[in-house]
Amino acid sequence: MKFKLLLFFLFVTSICLAEDGYDLWLRYKPIEDTALKSQYKELLHKYVANESSPTMAAAVQELKCALNGLLDYQITTESKPSGKTLLMGTPENSKYIASMKLDKDLQKIGNEGFIIISQKGNTVITANTDVGVLYGTFHFLQLVQMHQPIERLHIVSSPKVKLRVLNHWDNLDRTVERGYAGFSLWDWHKLPDYIDPKYIDYARANASIGINGTVLTNVNANALILTDTYIQKVKALADAFRPYGLKVYLTARFSAPIEIGGLKTADPLNEEVKQWWKDKVDEIYKAIPDFGGFLVKANSEGQPGPQNYGRTHADGANMMADAVSPHGGVVMWRAFVYSNEEPDDRAKQAYNEFKPLDGKFRENVIIQVKNGAIDFQPREPFHPLFGAMPKTPLMMEFQITQEYLGQGTHLAYLAEMYKECLDADTYAQGKGSTVAKVIDGSLDNHQLTGMAGVSNIGTDRNWTGQIFGQANWYCFGRLAWDHQLTSEAIVEEWIRMTFSNEPQTVKTIKNVMLGSREAVVNYMTPLGLHHMMGWGHHYGPGPWVANKHRADWTSVYYHKADKEGIGFDRTASGSNAVSQYFPEVAKQFSSLDECPEKYLLWFHHLPWTYTMKSGRSLWDELCYKYQAGVDSVGQMQEQWNSLQGKVDEERFDQVKSFLQIQKNEAEWWRNACLLYFQTFSGKPIPDDIPKADHTLEYYEELSFPYAPGH
Ligand code: BDP
């Protein structure tokens, strides 16, 4: 009987301790260290704030909820600061803050930055705007969640880019293109009348990392979103998000004037078309006065665009820009364009199309460029457009959803990938002209700046399907705020808030995460290989994909393996894509000695016998890279297993299971790719690499008609 009781007790305890991931990095779990807790309590038992605006009310609400959890204490409100008071507000809404002479700092931080400062025994969170105070509050709570000292603070922080936006590839039927976390959050059918509380938590989470915009709909756009019925639904979301500083944007289908406007054309130079967009935009702004603007995918992968009418991307973008400009809106126009009718290397096409248009866009147009020239591959060199259009603002487009990096299960911490791109040197104006400086406007002096991340969020209880997907949402926001943060610093914040402050746990999870993206590159596409995933759904390996209706969607187009060797010659003897980079970079990528081996087969076609820096042949190196990827996942598993009992059971088990899936799939990639490439190299796979458990034909015949996200 006693034993049964004990079992029951253990069961109940484990249910109580279970965490399903819903709370993200805003868990606010009680601080157990009693000394630390009383130190915090000392400074945090009363606050002064003017809660008259919804944003200030949201900041105070967050503070109360957080301290209630962290300190098990209800902070109380006071009418004036009296020492050991938390003072929140702007010089406008607080006479105490107005009298504090913070002008020097306030001048530095613009509309969204914040200051956290200890003064006369009080802690002050202030900004020029209410939303700045909200961001400051989240930052302050982050310090407490991370058990940092708060007695002597002087933090001055402001975002490096202006538009920090998520791109949801969400369809109106709630499927999500390349979404692996369930369905779309936006319950269009119940909107505008039902506001799911999840919308508020979504806005809170975004505000906590400084994300200030959300494009609600898929870039492969549906014109219906621009009809009155849907505008009312979008308005309801915009109203719900507004207190959190989160603006809504929509994708605009270029042919909307025909599809929902009854016009005969969508030609951007046609007067009726221009008027249609102006009227449509007026209608949207009437409902949503702070509507952000449009994101447009045009003349790409079958989407309509200005080129259908013999016009340029600038003609199309400017027409929409003119419509939103009187309302302060922007147009984010995507540079992700390529055509299978164009014989030139796909990697060159966006540059060829857009570079000549530099300086031809309206002031409120920003060109959204993917980090690399192909398509969100596990590793790509930076896009040659960065630095090449000095007269035009360019914004970054990263993919957070792991379409090409293991989809719904593989652990890949993407700050490593984002930083690799942001820190890359374009040499546009000599050494030090990093991609980050192009993006933040400092290189060419642009005011309109931005970073977009293709969202990995869905209806799954833990938001991102896998717990570690949350880290990618988090790090995207943090890097959009400050691209100078290191991937390691960000991961530390995330782990401490998401899992634990216990040093060994933090260290172990860090080890698991920091090498994870490199592991994925190794077992999928090492040494500069790219675009070798399964056809259509992009799940699993498919290096054999060939003979499809579009050559540029096959794998053989990219790896070009033959009896002699492997790789895409993009030097002067090949497609000469290297020439799109500034001379220093072009020289480096062209030279076999200087080209980093991680990009080798991106730029060079080399014999299987080519000697690598390790002294191995290219073939052997390739084999060992695949194996290294598999081995890394094994190490990640070992590390993770050592955390049993240190992190809650529910999340521990999910990660453990997913790592096993990742291990199996890493082996699958290795086996399938090596067996396939061996048909060309004709060389043995080194003996110390485990033998594939199936034939190449077996791997080629696997089919996944219902793979998610497609
Ligand atoms: C590709 C995705 C496709 C997107 C496209 C895009 O496979 O679903 O529509 O990117 O960015 O990677 O437009």
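Residues numbered from 1 in each chain as written. Predicted model: local features only at pLDDT ≥ 70, side-chain atom pairs only at ≥ 80, totals over all residues. Heavy atoms only, no water.

S.K.: Can you walk me through the confidence of the model for the chain in this structure?
M.R.: In low-pLDDT regions, the fine details of the predicted coordinates are not to be read closely. Mean pLDDT over the chain: 96, with 98% of residues reaching 70 or higher. In this model, residues 5-16 is a region of pLDDT below 50 whose contacts with residues beyond four sequence positions or in other chains number one contact. (pLDDT = per-residue confidence, 0-100. Contact = heavy atoms within 4.5 Å.)

S.K.: What's the story with the side chain of Gln-399 in this structure? I'm lost.
M.R.: Take Gln-399: it is sitting in strand β13 (residues 394-399). Among the polar contacts made by the side chain of Gln-399, one reaches the side chain of Glu-403 at a distance of 2.8 Å. Setting aside chain neighbours within four positions, we find Gln-399 in contact with Trp-169, Phe-376, Tyr-404, Leu-414, Tyr-418 and Val-454. (Helix = DSSP H or I, 4+ residues; strand = E, 2+ residues; numbered from the N terminus. Polar contact = N/O pair within 3.5 Å; in protein donor to acceptor, adjacent residues only side chain to side chain.)

S.K.: For this particular structure, what's the right way to read the packing of aromatic side chains?
M.R.: One pair of aromatic rings is described through two measures. These are the centre distance and the angle between the planes. Under the definition given, this model contains 44 aromatic pairs. Judged by centre distance (4.3 Å) and plane angle (25°), the rings of Phe-398 and Tyr-418 are stacked. Remark: Tyr-418 occurs in helix α13 (residues 415-422) and Phe-398 occurs in strand β13; sequence separation between them is 20 residues. Residue classification places Phe-398 among the buried positions, given a relative accessible area of 0%. An aromatic cluster is built from Tyr-22, Trp-25, Trp-186, Tyr-199, Tyr-202, Phe-241, Trp-463, Trp-473 and Tyr-474, whose rings are joined through pairwise contacts. The ring of Trp-535 carries the charged tip of Lys-548 above its face, separated from the ring centre by 4.7 Å. Taking the ring centre of Tyr-557 as reference, the NZ or CZ of Lys-560 above it sits at 4.9 Å. (Phe/Tyr/Trp six-rings, centres within 6.5 Å; stacked < 30°, edge-to-face > 60°. Buried < 20%, exposed > 50% of the residue type's maximum accessible area, 1.4 Å probe, protein only. Lys NZ or Arg CZ within 6 Å of the ring centre and 35° of its normal.)

S.K.: Which parts of the structure should I look at to understand the site of the ligand?
M.R.: Neighbouring residues of the ligand: 14 residues in total, closest Glu-177, Lys-297, Arg-334, Asp-375 and Glu-403. Arg-178 is positioned with one of its side-chain polar atoms (N or O) 2.9 Å from an oxygen atom of the ligand. Asn-220 places a polar side-chain atom, nitrogen or oxygen, 2.9 Å from an oxygen atom of the ligand. Relative to its unbound accessible area of 320 Å², the ligand is 97% covered by the protein chains. (Near = heavy atom within 4 Å. Areas by Shrake-Rupley, 256 points an atom, 1.4 Å probe, with all protein chains shown as cover.)

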